[in-house]
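# Structure at a glance
Okay, here's what each chain looks like letter by letter:
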Amino acid sequence: MSFIKKDNQHYYNPIRRAVLNHEMIQPGDRVAIGMSGGKDSTSLLYFLDTIRKQKRLGFDFEIVPISLAMGFDMDITPMQRFVEELGYSLDVVDTNIAQVVFDIREEKSPCSLCAKLRRGYLYARAKELGCTKVALGHHLDDAIETYFMNFLFHGKMNSFEPKSYLSKTDITLIRPMLYLEEKEIIRFVKREELPVIFNPCPVDKKTKREEIKQLVGKLAIDYSDIREKFIMGMEQGQGQDFWTDSKTGSF
């Protein structure tokens, strides 16, 4: 793997800032990384591994890569080899998620149920392996797209949190790549030739999220700083900035 001077500016400093700003990782934490085989989770493992080995947080922590076997016909050998080259062992959890979503439930909009099932398996396995944190590969574009999806489809003005404690599982969910733009991740993956496994899901690239992704891309053409402004708005915004119903006290 190579390293160039601007990697700090584009990748490591933003990740370190996100982790420290939101207290995502503490000394001695055992952090599970949900590995899908896609560019985001693969990059997340690489970045956190580098940060850990170079002690860029000023302390040590553990990394536990976990992958879910969804029930699709997928060759995860490249991902397993990549994980092993970094010095880890990929924990693979067998599931029947694909069968439940597409064959048994025959979901017309399967993403919500699929995500719920995947989270359940991932959090349960992380807990079994003694992990206190689960890191996901969500980036800045994911956060913006989630905001617009909540606004346009549910009338809610929010996105996911950088860090969320899940009381039912006693797991804290973290998103260390929150400040990274997707285009920067794509550039890094291509440059380093990181393994990316083809997603065999039949609805891949055919979802409402994909529509919102296109919308955000169009907005960024006219408003090039939309991503920076989004971070500023999410981190500086206060509840009192929104209209409040004087009768109920709700927004």
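Okay, so let's go over this structure. Please read these numbers as outputs of a predicted model, since none were measured by experiment. All residue numbers refer to position in the chain's written sequence, counted from 1. Totals for whole chains, interfaces and linings use all residues, but because this is a predicted model, local features are given only for residues with pLDDT of at least 70 and pairs of side-chain atoms are given and counted only at 80 or more. No hydrogens and no water enter the side-chain calculation; it runs on all heavy atoms of the structure.

### A look at the nonpolar core
As a reminder, the rule being used: Nine residue types can take part in a nonpolar core, namely buried Ala, Val, Leu, Ile, Met, Phe, Trp, Tyr and Cys, and a core is a set of them joined through side-chain atoms within 4.5 Å. Residue exposure (1.4 Å probe, protein chains only): buried if accessible area is under 20% of the type maximum, exposed if over 50%, otherwise partly exposed.
Judged by nonpolar contacts, the single largest core of 49 residues is most densely connected at Ile15, Ile25, Ile33, Leu45, Phe47 and Leu48. The next biggest cluster of nonpolar side chains, apart from the first, holds 18 residues, and it includes Ile97, Val101, Cys114 and Cys131.

### What about the pattern of salt bridges?
Let me state the cut-off plainly: Salt bridge criterion: a side-chain nitrogen from Lys or Arg within 4 Å of a carboxyl oxygen from Asp or Glu. Strands here are runs of E lasting at least two residues and helices are runs of H or I lasting at least four, both read from the DSSP assignment and numbered beginning at the N terminus.
What the rule picks out here adds up to 20 salt bridges. Here Arg125 and Asp91 are joined by a salt bridge, their closest N and O atoms 2.8 Å apart. Of this pair, Arg125 sits in helix H5 (residues 111-128) while Asp91 sits in strand E3 (residues 91-94), and the two are 34 residues apart along the sequence. Exposure remark for Arg125: the relative accessible area of 24% places this residue in the partly exposed category. With its nearest N and O atoms 2.9 Å apart, the salt bridge here joins Lys127 to Asp170. Placement of the pair is Lys127 in helix H5 and Asp170 in the loop between strand E5 (163-166) and strand E6 (171-174), with a sequence separation of 43 residues.

### With respect to the side chain of Ser159
The condition that has to hold: Between N or O atoms, a polar contact is any pair within 3.5 Å; within protein, one atom must be a potential hydrogen donor and the other a potential acceptor, and residues adjacent in sequence are included only when both atoms are from side chains. It only takes one pair of heavy atoms within 4.5 Å for two residues to be counted as in contact.
For Ser159, the position within the fold is in the loop between helix H6 (140-154) and E5. Judged by its relative accessible area of 12%, Ser159 falls in the buried class. At 2.7 Å, the side chain of Ser159 and the backbone oxygen of Ala143 are in polar contact. The residues contacting Ser159, other than those within four sequence positions of it, are Ala143, Thr146, Tyr147, Asn150, Phe230 and Met234.

### Observations regarding the packing of helix H1 (residues 7-21) against helix H2 (residues 39-53)
For any two helices packed against each other, one specifies the crossing angle of their axes together with the interaxial distance. The line we're drawing: Between N-to-C directions, angles span 0 to 180 degrees; the directions come from axes that are lines fitted to C-alpha atoms, helices contributing only their stretch in contact. Orientation is classified from the angle alone, with under 35 degrees giving roughly parallel, over 145 giving roughly antiparallel, 65 to 115 giving roughly perpendicular, and any other angle giving oblique. All residues other than Ala, Val, Leu, Ile, Met, Phe, Trp, Tyr, Cys, Pro, Asp, Glu, Lys and Arg, Gly among them, are scored as polar; the first ten of these are nonpolar and the last four charged.
With their axes 11 Å apart at the nearest point, H1 and H2 run at an angle of 75 degrees to one another. The orientation of H1 with respect to H2, classified from their angle, is roughly perpendicular. Residues Tyr11, Tyr12 and Ile15 of H1 form the contact with H2, whose participating residues are Tyr46, Phe47, Leu48, Thr50 and Ile51. Considering only residue class, the contact of H1 with H2 consists of 7 nonpolar, 1 polar and no charged.

### Observations concerning the sheet that holds E6
For the record, the criterion: Following DSSP output, two strands are said to pair if at least two bridges run between them.
Read across the open sheet, the 6 strands follow the order E3-E2-E1-E4-E6-E5; overall the sheet is mixed. The open sheet terminates on both sides in strands that have one partner only, identified here as E3 and E5. Geometrically, the sheet is characterised by an average inter-axis angle of 30 degrees between neighbouring strands, direction not taken into account. Two elements, strand E1 (residues 30-35) and strand E4 (residues 133-135), share 3 bridges in a ladder whose sense is parallel. Note that in E4 the partner of Ala32 across the bridge is Val134. Contacting E1, strand E2 (62-69), E3, E4, E5 and E6, H5 crosses the sheet at an angle of about 140 degrees to E2.

### Quick look at helix H8 (residues 208-222)
What counts, and what does not: The length a helix should cover is 1.5 Å for every residue beyond the first. Here, the arc refers to the directions that run from the helix axis to the C-beta atoms.
End to end, H8 covers 22 Å across 15 residues, agreeing with the expected 21 Å (1.5 Å per residue, within 8%). Of the residues making up H8, those classed as buried are Glu210, Ile212, Val216 and Ala220. Down the axis of H8, the sector holding all buried residues measures 155 degrees, keeping them to one side. Those residues of H8 that are exposed and angled more than 90 degrees off the buried face are Lys218, Ile221 and Asp222. Packing partners of the buried residues in H8 comprise H6 and helix H9 (226-236).

### Looking at the packing of helix H4 (residues 97-104) against H5
Rules: Helix crossings get a hand from a simple test, with the near helix turned counterclockwise from the far one by less than a right angle marking a left-handed crossing and a clockwise turn marking a right-handed one.
Direction vectors running N to C along H4 and H5 enclose 160 degrees, while the axes themselves pass 10 Å from each other. By the angle class used here, H4 and H5 are roughly antiparallel. Here H4 and H5 pass one another in a crossing that is right-handed. On the side of H4, the interface is formed by Ile97, Val100 and Val101, while H5 contributes Leu113, Cys114, Leu117, Arg118 and Tyr121.

### Looking at the environment of Arg125
Note: C-alpha distance between Arg125 and Val92 (33 residues apart in sequence) is 9.6 Å. Within the local environment of Arg125, its side chain forms a polar contact with the side chain of Asp91, the two groups lying 2.8 Å apart.

### Here we look at helix H3 (residues 77-85)
Among the residues of H3, those classed as buried are Met79, Phe82 and Val83. The buried residues of H3 occupy one face: seen down the axis, they fall within an arc of 95 degrees. Those residues of H3 that are exposed and aimed more than 90 degrees away from the buried face are Glu84 and Glu85. Considering only its buried residues, H3 is in contact with E1, H2 and E2. Backbone geometry just downstream of H3 places Gly87 in the positive-phi region, at approximately 100 degrees.

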